[in-house]
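Structural features, examined
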Amino acid sequence: MIGSGYGGAVMAARLAQAGFQVCVLERGAEYQPGDYPSTAAQFVANTQLELKGRQHGARDAMIRYVVDEEHGALVGCGLGGTSLINAGVVLRPPESVWDDPVWPAGLREDLPRLREGFGRAELQLKPTVASAGSAKARALAHAAHGEEHRALPLAVDATKCNACGDCITGCNRGAKNTLLTNYLPLAVEAGARLFCSIEVTHLERREAGGWRVHLRVGGVGRERFESTALSIDARYVVVAAGALGSTELLLRSRAHGLKVSDQLGRRFSGNGTLLGFTSGVPRAKGEPGPTIETMLDLRSSKQLMVQDTAVPSPLRGAVSLMFGRDVHAWSVTAGDDSRGELSLGEGEEGIRIAWPGAGKSERVAAAHAELERISTALGGTFRPNPMWAALPKAPLLATHPLGGCAMADDAEHGVVNHRGQVFGYEDLYVCDGSTLPGSFGSNPLFTLCALAERCAELFVREHGARAASPRPSPSRADAVGFRFTERMVGQLAHDAAPEAKAPFSFLLTIEWPSLEALLRDPSTAARTFGTVRAPSLSPEPLRVIGGSFQLFVGEGAERRMLHRMELEHGLRIEGVKIIRDDPGPDLWFDTRSLFITVFEHDEPIARGLVQTGPLDLLRQVTTLKGLTDRGLRSDVMARAKFLRLFLGTVKQVYGGLVLPLVR
């Protein structure tokens, strides 16, 4: 499962419950209440920007802007996807939406199953109707002039909400019912495993069937040594990285040989979303309320809807500088003609959005005219989105990006069928907003959940439910883990030709789930993952598919550091560092030298010596990290405890840290 937003989380939960072994790969990090930005500086630190295909900021930052000359998009990047930064509006589209022939016949003929999907999604999202008591909600009601104005159902727990208005920068109260509180816990309880800071680069079809998923691991420091890629194999792959992420991934996969429809990247839609402001209206006292509470529904008369919108606290200072303190914000969803196209940026790293004239369309003009009317009714002045007003091509910023992998009846008109299967591959699925074939003029989260529920049910029907083996659910205990990344380089000699030396190296990340367990027992095994480069064994880097490391085994005058790496193709590596005070200055040699033996199907075939170089040792030190949710101080303390253990043991063996080097 690639991505953990509304498509990926639903699929992960339902397939894990059906007994499938599910692995969820998320590009972003995990955030919990208290981690979200509450100041402008924190907002900037948690933001990444892709400007015309070029990346600025951390690739796993939570708030992701993709901006091009005439269109942009805002999406969430983190465990739970855009659910972390949306307003939680659980709005069901009108039934007439499904009459549009743009939807594939298989979906339009199966609406009862889709309605059941809406029902199952509602049980998880637990929407409650907003109180509509904020100043912005009352202002929109005042400007309605007889048009339908109503409170919206929100995935927000009113008993926890403090009406701060920060839903779209992350709810630090734990009041918003994000995917972290519903579908993802269901997935974990059923045995799914979730991995964050994993960016999938492309997919490769395996000759033996199934898929090789090529990826980059963030946050472990591998890039400080070398840009080696990792991969895992899967029988089925579900791409659920959103309209931008899923399309980008399939475009990169096509560049690596995957055969995908020529429609890939087309029918991109912003759902006609835009922002506007009314300045010069004295604001009533009181808290902002949830980000969105009410809607002026003009879909039947003007093909748009207007929703009151709170400016979150990290952005209020900037908005006040532009428009003054007395300002109301509005979100408009007007639909569009889905004429946007997505393509890869330079170097195949970013995504580009091409949409000539998007910001100057009749729908945008109609939306602005309605906001002008509302502003006049309130006695204020209409102010469009500053980016739209300031730049010559009037770019839009979509908060509901859709399309790019549109569903259709055949590959001539889309990328996936009504089940989400990529045309030509029955074991490759796309399940997220990228599959919507066009704008439908409503907040999409409820619809995406319902479509994913239907997709999951059809997947299980087609591929068969598996017998689920009971697995304990991972706990979020307060245990602090620890990890570092190391590279060792040397030579390997095969037993059949010991005089011939071949280059050998590995790059491994070593991770203990509990630092306290390691401190109590230095032989506690860590898990390891990474790659081995050994041209005499394989022309391509070998994946470590199962590995362990023990820091110190033994007592007294000799300790051993032990590596064990299970590789592809029946290969295994066992390595040992012997920590012993022999005559001469041996500490430097002992602590950086690993004697290895290579086994093939349990038979030894080669031996060698690898060492850590001085520069790599410095890089290794920079990757030392405590795995904790409790902030910088806890991380620093974890590093100090680990170093105290390591240096203390070395001192016990060698009788000091300096003397063995110089005697």
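From a predicted model like this one, the values you see are computed outputs, not experimental measurements. (Residues numbered from 1 in each chain as written. Predicted model: local features only at pLDDT ≥ 70, side-chain atom pairs only at ≥ 80, totals over all residues. Heavy atoms only, no water.)

Re the side chain of Ser253
Summarising the element assignment, Ser253 is placed in helix 7 (residues 242-255). A polar contact is formed between the side chain of Ser253 and the backbone nitrogen of Leu203, at a distance of 2.9 Å. (Helix = DSSP H or I, 4+ residues; strand = E, 2+ residues; numbered from the N terminus. Polar contact = N/O pair within 3.5 Å; in protein donor to acceptor, adjacent residues only side chain to side chain.)

Section: empty space enclosed by the protein
Any space left empty among the atoms is revealed by the rolling of a water-sized probe across them. Counted by the stated rule, this structure contains 4 cavities of 30 Å³ or more. For the largest cavity, the calculated volume is near 120 Å³. What lines the largest cavity is a set of 15 residues, and nearest its centre among them are Met407, Cys431, Thr435, Leu451 and Cys455. In terms of residues, the lining of the largest cavity owes the most to one element, helix 11 (residues 445-463), which gives 5 residues. Residue composition of the lining of the largest cavity, by class: 8 nonpolar, 4 polar and 3 charged. For the second largest cavity, the calculated volume is near 80 Å³. For the second largest cavity, the lining is made up of 14 residues, of which Cys161, Asn162, Cys164, Cys167 and Cys171 are closest to its centre. Classifying every residue of the lining of the second largest cavity gives 8 nonpolar, 3 polar and 3 charged. (1 Å grid on protein atoms, 1.4 Å probe; cavity = no way out; pocket = protein on both sides within 12 Å on 5 of 7 lines; lining within 4 Å. Points joined across faces, edges and corners; volume = space filled by probe spheres on them. Nonpolar A, V, L, I, M, F, W, Y, C, P; charged D, E, K, R; others polar.)

Some words on a nonpolar patch on the surface
Nonpolar side chains collect at one region of the surface, where Trp588, Leu617 and Val621 lie side by side and expose about 250 Å² of accessible area between them. Locating Leu617 in the fold gives a position in helix 14 (residues 614-622). Among the residues examined, Leu617 registers a relative accessible area of 32% and is labelled partly exposed. (Patch = residues over 30% accessible without salt bridge, like charges linked within 9 Å, V, L, I, M, F, W, Y side chains within 5 Å. Areas by Shrake-Rupley, 256 points an atom, 1.4 Å probe, with all protein chains shown as cover. Salt bridge = Lys/Arg side-chain N within 4 Å of Asp/Glu carboxyl O. Buried < 20%, exposed > 50% of the residue type's maximum accessible area, 1.4 Å probe, protein only.)

What to know about the environment of Gln611
With respect to the helices and strands, Gln611 occurs in strand 30 (residues 603-611). Accessibility expressed as a relative area gives 23% for Gln611, which makes it partly exposed. Each C-alpha atom, one on Gln611 and one on Pro312, is 52 Å from the other, the two residues being 299 residues apart in sequence. In contact with Gln611, not counting residues within four places along its chain, are Arg487, Met488, Val489, Phe589, Arg592 and Ser593. A polar contact is formed between the side chain of Gln611 and the side chain of Ser593, at a distance of 2.7 Å. (Contact = heavy atoms within 4.5 Å.)

Some remarks on the nonpolar core
Within the largest apolar cluster, 121 residues are counted, with the highest numbers of intra-cluster contacts made by Met11, Val22, Tyr183, Leu203, Val306, Ile374 and Leu428. It is helix 11 that contributes the most residues to this core, 10 residues altogether. For Leu203, the contacting residues outside a window of four places in its chain are Ile2, Trp211, Arg212, Val213, Val237, Val239, Leu249, Leu250, Ser253 and Leu428. (Core = buried A, V, L, I, M, F, W, Y, C linked by side-chain atoms within 4.5 Å.)

Topic: helix 9 (residues 362-377)
With 16 residues, helix 9 should cover 22 Å at 1.5 Å per step; its first-to-last C-alpha distance of 23 Å lies within 8% of that length. Residues of helix 9 that are buried include every one of Val364, Ala367, His368, Glu370, Leu371, Ile374 and Ser375, and no others. Seen from one end, helix 9 has its buried residues packed into an arc of 155 degrees, which puts them on one side. Exposed side of helix 9, more than 90 degrees from the buried face: Glu362 and Thr376 are the residues found there. Immediately beyond the C-terminal end of helix 9, within one or two residues, lies Gly379, with a positive phi of roughly 75 degrees. (Expected span 1.5 Å × (residues − 1). Arc of directions from axis to C-beta.)

Thoughts on the sheet that holds strand 2 (residues 47-51)
What holds strands together in a sheet is hydrogen bonding between their backbones, with the strands either parallel or antiparallel. Strand order in the open sheet formed by 5 strands is 3-2-4-5-21, and the pairing between neighbours is mixed. The open sheet has two edge strands with one neighbour each: strand 3 (54-56) and strand 21 (396-398). Between one strand axis and the next, the sheet turns through 20 degrees on average, direction left out of account. For strand 2 and strand 4 (residues 63-67), the ladder comprises 5 bridges, and the chain directions are parallel. Note that in strand 4 the partner of Leu49 across the bridge is Tyr65. Lying over the sheet, helix 7 contacts strand 4 and strand 5 (71-76), oriented at roughly 65 degrees with respect to strand 4. (Pairing = 2+ DSSP bridges. Axes fitted to C-alpha atoms, helices over the stretch in contact; angles between N-to-C directions.)

Here's the deal with the pairing of strand 26 (residues 542-553)
In terms of strand pairing, strand 25 (residues 525-533) meets strand 26 through 6 bridges, oriented antiparallel. Bridging across to strand 26, Arg527 finds its partner in Ser548. In this sheet, strand 27 (residues 558-567) lies alongside strand 26 in antiparallel orientation, the contact comprising 7 bridges. Within strand 27, the residue paired with Phe549 across the bridge is His563. Turn length for the strand 26-strand 27 hairpin, with the two strands adjacent in sequence and antiparallel, is 4 residues, and the turn residue Gly554 shows positive phi of about 105 degrees.

Here's the deal with the environment of Phe506
Summarising the element assignment, Phe506 is placed in strand 24 (residues 497-512). On a C-alpha basis, the gap between Phe506 and Arg639 in space is 24 Å, while along the polypeptide they are 133 residues apart. With residues near it in sequence (within four places) discarded, Phe506 still touches Glu486, Arg487, Met488, Thr531, Val532, His563, Met565, Leu594 and Val610.

Considerations on the pattern of salt bridges
Where charged atoms of side chains with opposite charge meet at close range, the side chains can pair. The full count for this structure, using the stated rule, is 51 salt bridges. Its salt-bridge partner being Glu248, residue Arg64 comes within 3.4 Å of it at the nearest N-O pair. One end of the pair, Arg64, is in strand 4; the other, Glu248, is in helix 7, with 184 residues separating them in the sequence. Across the pair, exposure class does not vary: Arg64 and Glu248 are buried alike. With a closest N to O distance of 2.7 Å, Asp635 and Arg639 form a salt bridge. Taken together, the residues span about one helical turn, with Asp635 and Arg639 both in helix 15 (residues 631-654) at a distance of 4 residues.

Topic: the sheet that holds strand 12 (residues 230-234)
The strand order 10-11-12 describes an open sheet built from 3 strands, whose pairing is antiparallel. If you trace the sheet from one side to the other, it starts and ends with strand 10 (198-205) and strand 12, each paired once. Averaged over all pairs of adjacent strands, the angle between their axes in this sheet comes to 30 degrees, without regard to strand direction. As paired strands, strand 11 (residues 211-217) and strand 12 are joined by 5 bridges and run antiparallel to one another. From the neighbouring strand, Val213 faces strand 12, where its bridge partner is Ile232.

Quick word on the confidence of the model for the protein
Per-chain confidence: the protein averages 92 in pLDDT, with 96% of residues scoring 70 or above. When the criterion is pLDDT under 50, residues 472-477 qualifies, and its contacts beyond four places in sequence or with other chains add up to 6 contacts. Scored below 50 in pLDDT, residues 658-663 makes 13 contacts in the model with residues more than four places away or belonging to other chains. (pLDDT = per-residue confidence, 0-100.)

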